Amino acid sequence: MEYEKCYVFEPDATRPAKRRKTEPQGLQASWRLRREGYRAAWAGPQARIEHALSSVHDESLDEVTRFLDEQVTPANGIESTRIPTGIVLTGPGGSSRGSLANRVADRLRSQPRRIYVPLDSTVTPNLKAALKRFIQRATSSTQGEDEDDEDAVATTRKGRRLLNYDLQILADYVRERKIEQVVLALHDTEAIASDVLSELVELLGSWRSRIPFVLLINVATSVDFLQQRLSRGAVQSLDGRLFDAVPSSTEVHQVFLALTDPNTKLWIGPGLLASALERQSDFISSADGVVEMAQYAYMSHFYANALSIFLAPEVKLKDVPSDHFDALRNLKSFWGYAKYLIDSDRVEAPERVRGLLDDNAQLFKEVQRCITEGQAALHRITETLHVIRTAQELLPGGTATLKTSLYIQALSGKLAGSTLIRSMLLSARKAPSDVVARLIDAVRVAMASIEDEPASNAAAEVQVFQNELIQLTASSKRGAKQQTLRSEDDIGSSTVRTTVVAQKVQLSKQKSELSKQDAAYTILVRKFTDVLEAYFSATLVDVQKLPFHEIFLFDLKSPHRETFTPRPRHAIERALVTPHDYLGCECCAPDKGQGDEATLSATQPATAVLYQLYLESGSLINVSDLWQAFQAVMSEKKKDEEQLMALFQRGVAEMRYLGFVKSTRKKADHIAKVAWKGL
């Protein structure tokens, strides 16, 4: 049974007629237009992301490039015997597509007399393999790419036969082509064995007089840990210089800014972004994970959601099939929008709703308008987050919350009126006049840069408060000394009074008497915080209440979770227990009152029947008993014992391939149970 192979072929009685190709029907009729819409929508964020990731390392790149230029071998030979080494502190997740090492490689590849060779832990299991790969990549312009030969032999001009891991091959190559620098970049140094790393460094140091080596070592932990892993001879062979690379969190922030640009067509929802950032933080991955999440979200939305056709550039009414408008009318946001119009006191509301239900042209115009307004509302939210962060940075004792965290709270509808906003406004009321003056000026500048009506109105009111505050502070001068104004809400404006009555101590708070300037300052600060609170309430809207938000906002977590964190075992077990869900047939469906799991039936696949019998068995399964039980179930449909035996053997082989059973030496006629359901 372990070595025999079988296959049951049951041809159909009649050969099906050849079907001619037809055009997509129904909601799939807009597939081509949605594909073009995806390409146009993702082109903008992709270009912004690549630019952000390439420019985030500019300063560090210049320092590393300058260091490599200084180490170029002079014409009269190599002066130092120690290997110049650039130690790049990348931090966790530093190996992303816009990382420092990749950009250094792009610059060095354009110079013919300099060689750049990257190595990682996958190709350096031992010193011999590391040297083979290093020499093969360094001399790839003339040497072959054959890696199957374990110990290939290279022949030099003088007739000497050298093994392919002999550094003399590289030395001859450098001398013949007058190479000025050979840069070896070790990406994931912590994953390389300590003895291999030490031996490699010592060997390269001994060849430094003949080959102009320069090392670039990426360190995710610390220099002290690297020094502990290296031998004393390896440490003495290095002449190191430290470089700080931009951490992965900064790259993620740059990607987030690129995804929330004003020209963004499709916005990422709070649930999906939160799960992606949580996965990025838990697994210490790079910004590539967030980029892949965003691209897959765009693909899922445009490929699976037929209503994404309305995001296509220059879409016309004639390009949209009529059934797409029926799908629009079944959206929950459309129902809420229609109810909002009916409940309003407008006279034309009933006719407007009737037009949206009956007239596709009117609905098309309304959808275009709502999409534009919804995207503008999302952009206003991101601009408001900038105002909040500006205020948090200037208030005493406060730290600015991450913009990604504020974005998730805002789009979830939890930021408006939250504890974070209330505590920030209360801190502003308690702040002295010098702090509030800087706060008002920064908030006014931030609001003035926003091009919308709520921000412009709020900026105008804040400008008035700024002028009044300047007048108040000018009138509070006593001689040449500037007096700091304090509000009534400040703790310093209240005193604690202690009285003893009947041998009991009583504490009471009393407000200190305020001057005219302090009283006016208190009123001004309260007006300022009221304006801020009104601005936040107007801009931090609940995006789930925006009409047709399902078109321009994607927040489905299941496609991302099933693709990037799949559960194959759960899917296989479910398919074997409930095959009717995947086959789409009624013959395998469970009987009434039996729940979701299917009962044993001859119509089910043989492997599914065996798996359900397998669940009822113990740790050791008698193959003869399993065959008799299988035969009893399947004999209702198939009477031929040879066919049943073939199905049984194939099913057991598939169970063994899936990792559910294995052969055992305890009993020759038994198989051992390997996996249990749910564990």
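Residues numbered from 1 in each chain as written. Predicted model: local features only at pLDDT ≥ 70, side-chain atom pairs only at ≥ 80, totals over all residues. Heavy atoms only, no water.

Trainee: I keep staring at the overall build of the protein and nothing clicks. Help me out?
Mentor: The helix and strand tally for the protein stands at 27 helices and 14 strands. Across the 679 residues of the protein, 43% fall into the buried class. Relative to all contacts within the protein whose residues are 6 or more apart in sequence, the contacts with residues 24 or more apart total 71%. Counting only carbon and sulfur atoms, one obtains 50% of the accessible surface of the protein, whose full area is about 37,500 Å². (Helix = DSSP H or I, 4+ residues; strand = E, 2+ residues; numbered from the N terminus. Buried < 20%, exposed > 50% of the residue type's maximum accessible area, 1.4 Å probe, protein only. Contact = heavy atoms within 4.5 Å. Areas by Shrake-Rupley, 256 points an atom, 1.4 Å probe, with all protein chains shown as cover.)

Trainee: Looking at this model, I keep getting lost on helix 10 (residues 270-282). Mind explaining?
Mentor: For the α-helix, the turn length of 3.6 residues means that residues three or four positions removed from each other point alike. Under the 1.5 Å per step criterion, the end-to-end length of helix 10 is 18 Å for 13 residues, consistent within 8% with the ideal 18 Å. Within helix 10 the residues assigned to the buried category are Pro 270, Leu 272, Leu 273, Ala 276, Leu 277 and Gln 280. Within helix 10, the buried residues cover an arc of 165° as seen down the axis, which keeps them to one side. Looking at the packing, one finds that the buried side of helix 10 touches helix 9 (248-259), strand 8 (267-268), helix 11 (288-304), helix 16 (403-411), strand 11 (553-554) and helix 22 (558-564). (Expected span 1.5 Å × (residues − 1). Arc of directions from axis to C-beta.)

Trainee: Sorry, what's going on with the nonpolar core here?
Mentor: For soluble globular proteins, nonpolar side chains are generally found buried alongside one another. With 98 residues, the main nonpolar core has Phe 310, Leu 328, Ile 388 and Phe 536 as its most contacted residues. A total of twelve residues in this core trace back to one element, the largest contributor, which is helix 15 (residues 360-394). If near-sequence neighbours (up to four positions away) are discounted, Ile 388 is found in contact with Leu 406, Leu 415, Leu 420, Ile 421, Met 424, Phe 536 and Leu 540. One finds Ile 87, Ile 179, Leu 184 and Trp 207 within the second-largest nonpolar core, a separate group that totals 37 residues. (Core = buried A, V, L, I, M, F, W, Y, C linked by side-chain atoms within 4.5 Å.)

Trainee: How should I be thinking about the pattern of salt bridges in this particular structure?
Mentor: Between side chains of opposite charge, a pair can form as their charged atoms come close. All chains considered together, the criterion is met by 15 salt bridges. Across the pair Arg 329 and Asp 326 runs a salt bridge whose closest N-O atoms are separated by 3.5 Å. Pair noted here: Arg 329 and Asp 326 are both in helix 12 (residues 322-329), with a separation of three residues, about one helical turn. Owing to a relative accessible area of 12%, Arg 329 belongs among the buried residues under this scheme. A salt bridge links Arg 369 to Glu 366, with the shortest nitrogen-to-oxygen separation between them at 2.4 Å. In this pair, Arg 369 and Glu 366 both sit in helix 15, three residues apart, roughly one turn of the helix. Residues joined in a network through salt bridges with shared partners are Arg 352, Glu 366, Arg 369 and Glu 373. (Salt bridge = Lys/Arg side-chain N within 4 Å of Asp/Glu carboxyl O.)

Trainee: Would you explain the pairing of strand 5 (residues 181-186) in this entry?
Mentor: In regular strands, side chains alternate between the two faces of the sheet. Burial of strand 5 is extensive: six of the six residues sit out of reach of the surface. Covered by surrounding structure in strand 5 are Gln 181, Val 183 and Ala 185 together with Val 182, Leu 184 and Leu 186, the residues of both alternating faces. Inspection of the sheet shows strand 2 (residues 114-119) paired to strand 5 by six bridges, in the parallel sense. Counted as the bridge partner of Pro 118 is Ala 185 from strand 5. As judged from the five bridges shared by strand 5 and strand 6 (residues 213-219), these two strands associate in the parallel manner. (Pairing = 2+ DSSP bridges.)

Trainee: Just checking my understanding: could you explain the packing of aromatic side chains for this structure?
Mentor: The description of two aromatic rings rests on the distance between their centres and on the angle between their planes. For the structure on display, the rule yields 18 aromatic pairs. Centroid distance Phe 310 to Phe 325: 6.0 Å. Interplanar angle 70°. Geometry classified as edge-to-face. A residue pair is termed long-range when its members are at least 10 positions apart, and Phe 310 in the loop between helix 11 and helix 12 and Phe 325 in helix 12 qualify at 15 residues. What makes Phe 310 buried here is its relative accessible area of 2%. Aromatic rings pair up to connect Trp 31, Tyr 38, Phe 302 and Tyr 303 into one cluster. Directly above the ring of Trp 207 sits Arg 210, whose terminal nitrogen or CZ lies 3.9 Å from the centroid. Over the ring of Tyr 614 we find Lys 673, and its NZ or CZ is 4.9 Å from the ring centre. (Phe/Tyr/Trp six-rings, centres within 6.5 Å; stacked < 30°, edge-to-face > 60°. Lys NZ or Arg CZ within 6 Å of the ring centre and 35° of its normal.)

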